[in-house]
Amino acid sequence: MALNIVLNELSAETPAPNISIARLWMSNLMQTVRSINAAAKSRATLITQYDFHLTLLASDYTLRRWLNDIEVDKEERRFIRSLITKAPFSKGVPDSDEVQLLENNRGSCEFRYQDKPAIGLGVAYLLDIISVSLLSEICWDCSYLDLDVISIDEDDKKIKIVHASRKEHLQDHVDWFKNRIHSSIDGQALWDQKDDLFPNLHFCSSVKNQLQSLSIGNLMLSPVKKRLFELQKYSESWTEGNFDAKKLSKTTPESEATLQKYSQEHTFTCPDGENRIFSWHVRLTPLAWRIYFYPEQPRKILIGYIGEHLPTVKFN
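Now for a description of the structure that goes with this document. (Residues numbered from 1 in each chain as written. Predicted model: local features only at pLDDT ≥ 70, side-chain atom pairs only at ≥ 80, totals over all residues. Heavy atoms only, no water.)

1. Brief notes about the overall build of the protein
Per the secondary structure count, the protein includes 12 helices and 17 strands. Structurally, the protein occupies a C-alpha span of about 70 × 45 × 35 Å along its principal axes. Counting the 316 residues in the protein, one finds 47% classified as buried. A separation threshold of at least 6 residues defines the contact pool for the protein, and within that pool the share at least 24 residues apart is 67%. When the 38 basic and 42 acidic side-chain charges of the protein are each reduced to a single mean position, those positions are 4 Å apart. (Helix = DSSP H or I, 4+ residues; strand = E, 2+ residues; numbered from the N terminus. Buried < 20%, exposed > 50% of the residue type's maximum accessible area, 1.4 Å probe, protein only. Contact = heavy atoms within 4.5 Å. Lys, Arg positive; Asp, Glu negative; His and termini not counted. Charge placed at Lys NZ, Arg CZ, Asp CG, Glu CD.)

2. Things to note about the environment of Asp172
For Asp172, the location among the structural elements is in the loop between β10 (157-164) and α7 (174-182). Here Asp172 falls in the partly exposed class, since its relative accessible area comes to 48%. Sequence-distant contacts of Asp172, defined by excluding residues within four places in its chain, comprise Ser143 and Tyr144.

3. Some points on the sheet that holds strand β7 (residues 116-117)
Strand order in the open sheet formed by eight strands is β5-β2-β1-β8-β10-β9-β6-β7, with mixed pairing between adjacent strands. The open sheet has two free edges, formed respectively by β5 (84-86) and β7, since each of these has just one partner strand. Examined bridge by bridge, strand β1 (residues 3-7) and strand β2 (residues 44-47) share four bridges and lie parallel to one another. Directly across from Val6, in β2, lies its bridge partner Ile47. (Pairing = 2+ DSSP bridges.)

4. Things to note about the sheet that holds strand β12 (residues 251-252)
With mixed pairing, the five strands of this open sheet are ordered in space as β11-β17-β16-β15-β12. Two strands lie at the open edges of the sheet, namely β11 (201-203) and β12, each paired on one side alone. Looking at chain direction, β12 and strand β15 (residues 281-284) are connected through two bridges and run antiparallel. Each bridged residue has a counterpart across the sheet, and for Thr251 the counterpart in β15 is Val282. Its contacts with the sheet put helix α11 (residues 221-237) on β11, β12, β15, β16 (289-297) and β17 (300-308), and the angle it makes with β17 is roughly 165 degrees. (Axes fitted to C-alpha atoms, helices over the stretch in contact; angles between N-to-C directions.)

5. Here's the deal with the pairing of β2
Both faces of β2 are covered, namely the face carrying Ala44 and Leu46 and the face carrying Thr45 and Ile47. Between the parallel pair β1 and β2, the chain is carried across by helix α1 (residues 19-40), and the sense of this crossover is right-handed. (Right-handed = clockwise from strand over helix to strand, strands pointing away.)

6. Observations regarding the side chain of Lys194
Here Lys194 lies in helix α9 (residues 194-197). The buried charged residue Lys194 lacks any salt bridge partner; its closest oppositely charged side chain belongs to Asp195, at an N-O distance of 4.6 Å. In contact with Lys194, not counting residues within four places along its chain, are Pro199 and Phe203. (Salt bridge = Lys/Arg side-chain N within 4 Å of Asp/Glu carboxyl O.)

7. Quick notes on the nonpolar core
Ile5, Ile80 and Ile130 are the most contacted members of the largest nonpolar core, which totals 34 residues. When residues in this core are grouped by element, the largest group, eight residues, is from α1. Contact partners of Ile5, with chain neighbours within four places excluded, come to Val33, Ile36, Ala44, Thr45, Leu46, Ile47, Ile129, Ile130 and Val132. (Core = buried A, V, L, I, M, F, W, Y, C linked by side-chain atoms within 4.5 Å.)

8. Some words on the environment of Ala40
Tracing the sequence through the fold places Ala40 in helix α1. Between the C-alpha atom of Ala40 and that of Lys157, which follows or precedes it by 117 residues, the distance is 29 Å.

9. Here we look at the pattern of salt bridges
This model, assessed by the stated rule, comprises 16 salt bridges. Notably, a salt bridge pairs Glu110 with Arg112, separated by 2.6 Å at the nearest N-O pair. Here Lys158 makes a salt bridge to Asp148, at a shortest N to O gap of 2.6 Å. With Lys158 in strand β10 and Asp148 in strand β9 (residues 144-151), this residue pair connects regions lying 10 residues apart in the sequence. Overall, Lys158 belongs to the exposed group, its relative accessible area being 64%. Residues joined in a network through salt bridges with shared partners are Asp272, Arg276, Glu296 and Lys300.

Right, dumping it as structure tokens:
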């Protein structure tokens, strides 16, 4: 599985106080990227806002000088030379849909970390990839980063970015890497392997064609998989009591008016042969897609529909 990782350029804003510390920063970054390669079972590509080799690590000590520093371990220097790096961000992303996603969001939203523009972290969020930092400040010594999203179309919000500045942080991302490995699965495979991948989700026959149509490269394949795995994870933990939508993001029911007027459009035949009206749904981006589901009982969720938003009653 090919994997892109993105450099948090904010972590390289302030050079190290001396060359010795700069060497430690680079050694630590190398170990982190190597560990990411191992976790992803692939060779990662580092995408950056600027030419990575021009990074100023310390006064008069760029990464290019580090690569020729005989006091740095030869294997470390060899590894960094072998690391595929691409800049700027849009040229480092091979998938045309992902490039389009970056371009579409260029003017519609801004990402900030502690009131500073955070372009790299924003790219990590949009493409659902891991961000890495030089361990230049204590604020980067964490496995997640809080990011502010300021949008012209939606309310401002806070999000968490998967992050690592040392290999130990990857212990918190085991499930995330499992999901990334699953990312090579297309919609046909999702349907064929649904019993193994989603043992707690039960799919209506209406979903078969909807899933099978999601081929590799389809813009909605990744978000559909992500949300299905989230529903599976929730269902595993739902052992008693009523369904709790607060434990799932972007999850709401339809209004009573909608269900009365469009009950037929929201009704699907379930695996047990019963017809049920599906109200609960999770929202997907970047397109206005929905996954409609029916929380039948603890540890069992029915999936009735995956696609564009079903008809609703509009309120003025």
